[in-house]
Amino acid sequence: MRKLKVYIAISLDGYIATANGSIDWLTGFPNPDNTDYGYADFLATTDTTFMGYTTYLDVLKLSETFPYSDKTNYVFTRQPGRTATADVQFIHTDIPAFVQQVKAAAGKDIWLIGGGQLNAALLQYDLIDEMILHMMPVVLGTGIPLFSGIALEKTFRLTHSRAYDNSVLELHYQKV
Ligand SMILES: NC(=O)c1ccc[n+]([C@@H]2O[C@H](COP(=O)([O-])OP(=O)(O)OC[C@H]3O[C@@H](n4cnc5c(N)ncnc54)[C@H](OP(=O)(O)O)[C@@H]3O)[C@@H](O)[C@H]2O)c1
């Protein structure tokens, strides 16, 4: 079974973006050693991505060409009318059945890119297998949470951690 893995950066207080959706606090964070925080190695373990529609729009804004065109990309939406592009397919039907079907198919692991709403939906259905979080040493005070809009208790097990010289903490969690 392929694994569904979150790989995402969070603030010290658990936000993935400011309330207006900005990630400047993240992209502009000092990185004197020019580390990629394990991103290239992580990407190589995946061949499929999942995104919420808002995150998809941000990805389009952030880069001139779609950055994951070598992967199979699914964008989750509640709007049935969105048309697939060369890079993405839109999913608006039964989420748990669709995700189980993708996980059961042959292939590498699946990157759950975000954002908070989609993360929450997939956590609620108990479909997230692993999380790699990069905790930035920044407090935002308010913002878009890692898991948005759910009241749910779920425990994960820490399998690995790494502290970078610029005070970023990398945390690997597995489903218990
Ligand atoms: N820190 C990081 O590394 C990181 C990573 C990823 C994203 N982000 C940031 O996170 C923010 C976006 O997060 P978000 O929580 O606002 O939005 P999101 O989860 O990316 O997308 C929300 C949209 O996804 C669709 N959706 C959500 N739940 C669904 C469900 N249960 N079934 C079907 N479709 C569903 C809906 O699309 P429709 O409106 O089309 O129905 C909804 O409007 C952005 O600012 C982005 O830049 C940060």
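What counts and how
- Residues numbered from 1 in each chain as written.
- Predicted model: local features only at pLDDT ≥ 70, side-chain atom pairs only at ≥ 80, totals over all residues.
- Heavy atoms only, no water.
- UniProt positions renumbered as here; feature names shortened; annotations may be inferred.
- Helix = DSSP H or I, 4+ residues; strand = E, 2+ residues; numbered from the N terminus.
- Near = heavy atom within 4 Å.
- Polar contact = N/O pair within 3.5 Å; in protein donor to acceptor, adjacent residues only side chain to side chain.
- Areas by Shrake-Rupley, 256 points an atom, 1.4 Å probe, with all protein chains shown as cover.
- Nonpolar A, V, L, I, M, F, W, Y, C, P; charged D, E, K, R; others polar.

Engineer: Help me out: how do you make sense of the UniProt feature "transmembrane region" (unreviewed entry) in the protein in this one?
Structural biologist: Here, the residues flagged by UniProt with the feature "transmembrane region" (unreviewed entry) are residues 131-152. Across residues 131-152, the secondary structure splits into 0% helix and 32% strand, with the terminal C-alpha atoms separated by 17 Å.

Engineer: Could you clarify how one ought to interpret unusual backbone geometry in this entry?
Structural biologist: Peptide bonds are trans in most cases, and residues, glycine excluded, mostly fall at negative phi. Of note, the amide linkage connecting G114 to G115 takes the cis form, showing an omega dihedral of -5°. Unlike most non-glycine residues, Y37 shows phi in positive territory, near 55°. When you line up the elements, Y37 lands in the loop between α1 (24-27) and α2 (39-44). Even without being glycine, S167 reaches a positive phi, approximately 75°. For S167, the position within the fold is in the loop between β9 (156-163) and β10 (169-175).

Engineer: Would you explain the site of the ligand in this entry?
Structural biologist: Surveying the vicinity of the ligand reveals 25 residues, the closest of which are T55, D58, T77, R78 and Q117. Between an oxygen atom of the ligand and a main-chain N or O atom of R78, the distance comes to 2.7 Å. Separating an oxygen atom of the ligand from a backbone N or O atom of G115 is a distance of 2.9 Å. Bound to the protein, the ligand loses 86% of the 930 Å² it would expose on its own. If you list the elements that add at least two residues to the shell around the ligand, you get β1 (4-10), β2 (15-17), α3 (53-62), β6 (109-114) and α5 (116-124). Partitioned by chemical class, the residues of the shell around the ligand number 12 nonpolar, 10 polar and three charged.

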